[in-house]
Amino acid sequence: DAGVIQSPRHEVTEMGQEVTLRCKPISGHDYLFWYRQTMMRGLELLIYFNNNVPIDDSGMPEDRFSAKMPNASFSTLKIQPSEPRDSAVYFCASSTGGPGQPQHFGDGTRLSIL
Amino acid sequence: EDKVVQSPLSLVVHEGDTVTLNCSYEVTNFRSLLWYKQEKKAPTFLFMLTSSGIEKKSGRLSSILDKKELSSILNITATQTGDSAIYLCAATNTGNQFYFGTGTSLTVIP
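No experiment lies behind these values; they were computed from the predicted model shown.

Undergrad: Describe in detail the overall build of chain B, supporting the description with residues and values.
TA: When you go through chain B residue by residue, the secondary structure sums to zero helices and 11 strands. When the helices and strands of chain B are placed in sequence order, the string is β-β-β-β-β-β-β-β-β-β-β. The C-alpha radius of gyration computed for chain B amounts to 13 Å, which stays within 12% of the reference 13 Å derived for 110 residues, consistent with globular compactness. Taken along the three principal axes of its C-alpha coordinates, chain B extends 45 × 25 × 20 Å. For chain B, buried positions account for 44% of its 110 residues. Excluding contacts between residues fewer than 6 apart, the proportion of contacts in chain B whose partners are at least 24 apart in sequence is 54%. Carbon and sulfur atoms provide 50% of the accessible area of chain B, an area that totals close to 5400 Å². In chain B, 10 positive and 10 negative side-chain charges are present, and the distance between their average locations comes to 7 Å.

Laid out in structure tokens, this is it:
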């Protein structure tokens, strides 16, 4: 079975540019999560969706960040404009049955903003 | 403020040693605690604990929850170099909120 698929695997871009991260959850999973991981702050939840509807976006750092889930098999996380402090590994995860259930993580997107 | 604290932050052991990792939580309306292992890439699920005192076991790994002490431990016996990873715990509540600890970095030396 295919796991959670994220793209791109790596992204290097200049400050001020728009960045779009993509995620395909595991088929049949009704919850999708976006995380950011840094050495300083560890794993932080940014936002999660249930049945394509955003449920909790309290972790989204600021208006420069936005996330969408137009259908059950695709989600995007967009940063516009990007800043060097956004450099991190961004993970997407999916689960079934709720946030309290085991989540399956993608391999992450390593983002570097110069 | 709800939070999860893991200890130690890092640990270096020799192959064959037994290690115990700790996770303490302060979460209102607690529901479950989950352990993940993160090697070079994504975290992978290990255990989910909801009941106090019931040990979950998978090979050399085991974990138990103590709701009275608001904590959980993850034990690894006869450690191997492949156990080297960051071990994360997360606590959830009945309101579908969840909180990750910053992890324990385990290094197993041959």
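Next comes the rest of the write-up.
Undergrad: Report on the interface of chain B and chain A, specifying residues and quantitative values.
TA: Each side of the interface is counted separately: chain B has 15 residues, and chain A has 17 residues. Overall, the association of chain B and chain A removes approximately 1400 Å² of surface from exposure, summing both partners, and the carbon and sulfur fraction of that is 61%. Among the residues of chain B in contact with chain A, B:Lys41, B:Asn96 and B:Phe98 are the three that bury the most area, contributing 34% of the side total. Scanning the region where chain B abuts chain A turns up zero salt bridges. Connecting chain B to chain A are two residue pairs in polar contact (both at pLDDT 80 or more). Where the side of chain B that touches chain A is concerned, the elements lending two or more residues are β4 (30–38), β5 (43–49), β9 (85–93) and β10 (98–100) of chain B.

Quick notes on the rules
- Residues numbered from 1 in each chain as written.
- Chains lettered and ligands numbered in written order.
- Predicted model: local features only at pLDDT ≥ 70, side-chain atom pairs only at ≥ 80, totals over all residues.
- Heavy atoms only, no water.
- Helix = DSSP H or I, 4+ residues; strand = E, 2+ residues; numbered from the N terminus.
- Rg over C-alpha atoms; globule rule 2.2 N^0.38 Å.
- Buried < 20%, exposed > 50% of the residue type's maximum accessible area, 1.4 Å probe, protein only.
- Contact = heavy atoms within 4.5 Å.
- Areas by Shrake-Rupley, 256 points an atom, 1.4 Å probe, with all protein chains shown as cover.
- Lys, Arg positive; Asp, Glu negative; His and termini not counted.
- Charge placed at Lys NZ, Arg CZ, Asp CG, Glu CD.
- Buried area = accessible area lost by both parts, 1.4 Å probe.
- Salt bridge = Lys/Arg side-chain N within 4 Å of Asp/Glu carboxyl O.
- Polar contact = N/O pair within 3.5 Å; in protein donor to acceptor, adjacent residues only side chain to side chain.

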